[in-house]
Amino acid sequence: MDQFIEFIGNHPFLVGAWLLTLVMFVLYERSKAGKAVTPAQATNLINKEDAVIVDIRPKKEWATGHITNAKHIPLSDLDRRMDELTKYKQRPIIVVCNLGQAASAATRKLKAEGFENAVRLSGGMTEWKGQSLPIVK
């Protein structure tokens, strides 16, 4: 530990460059993930802008409960079933997974197919349930 502190003291520019690179990498990865919305923002999009919810969780997780009127398209089937979403291209699409991480990949795929209004639910179904928002089984 003493050597580490000594290294930082002797090489402040090198350490600064490393920290800057790390921050840039994190910001870049976050931007690739797409815009995230909180459950409250998602509810607003659903109620005011008629947003479409796409739940990408596996069937087993879907069966434990999902957001009302959500469309179930597992991530593994998304490429094959993309045409089912074409009619919703102009509406906001909220991508939902379990924790909010897998939705990033789905959001990127949707944006690549021209779904400019695709966003992911921050915290996923875990956050949705944590805020005691309604689910159906």
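Residues numbered from 1 in each chain as written. Predicted model: local features only at pLDDT ≥ 70, side-chain atom pairs only at ≥ 80, totals over all residues. Heavy atoms only, no water.

What about the packing of aromatic side chains?
How two aromatic rings sit relative to each other is set out by the distance from centre to centre and by the angle between their planes.
Then, number 1: Evaluation of the coordinates by the stated rule reveals zero aromatic pairs.
Then, number 2: Seen from the ring of F115, K89 lies directly overhead, with NZ or CZ sitting 5.3 Å from the centre. (Phe/Tyr/Trp six-rings, centres within 6.5 Å; stacked < 30°, edge-to-face > 60°. Lys NZ or Arg CZ within 6 Å of the ring centre and 35° of its normal.)

Points about the sheet that holds strand β3 (residues 71-72)
Sheet strands associate in pairs through backbone hydrogen bonding, adopting either a parallel or an antiparallel arrangement.
Then, number 1: Spatially, β1-β5-β4-β2-β3 is the arrangement adopted by the five strands of the open sheet, whose pairing is parallel. Of all the strands in the sheet, the pair left with one neighbour each is β1 (36-37) and β3.
Then, number 2: Two strands pair when backbone bridges link them, and strand β4 (residues 93-96) and strand β5 (residues 118-121) are joined in this way by three bridges, in the parallel orientation. What sits directly across from V95, in β5, is R120.
Then, number 3: Against the sheet, helix α5 (residues 103-112) makes contact with β4 and β5, and its axis sits at roughly 175 degrees relative to β5, the strand it touches most. (Pairing = 2+ DSSP bridges. Helix = DSSP H or I, 4+ residues; strand = E, 2+ residues; numbered from the N terminus. Contact = heavy atoms within 4.5 Å. Axes fitted to C-alpha atoms, helices over the stretch in contact; angles between N-to-C directions.)

Section: helix α3 (residues 39-49)
Then, number 1: Listed as buried for α3 are P39, A42 and L45. For α3, the angular spread of the buried residues around the axis is 115 degrees, confining them to a single face. Of the residues in α3, the exposed ones pointing more than 90 degrees away from the buried face are A40, N47 and K48.
Then, number 2: Buried positions along α3 lie against β1, β4, β5 and α6 (124-130).
Then, number 3: Within two residues after α3, D50 carries a phi angle of roughly 55 degrees, on the positive side. (Buried < 20%, exposed > 50% of the residue type's maximum accessible area, 1.4 Å probe, protein only. Arc of directions from axis to C-beta.)

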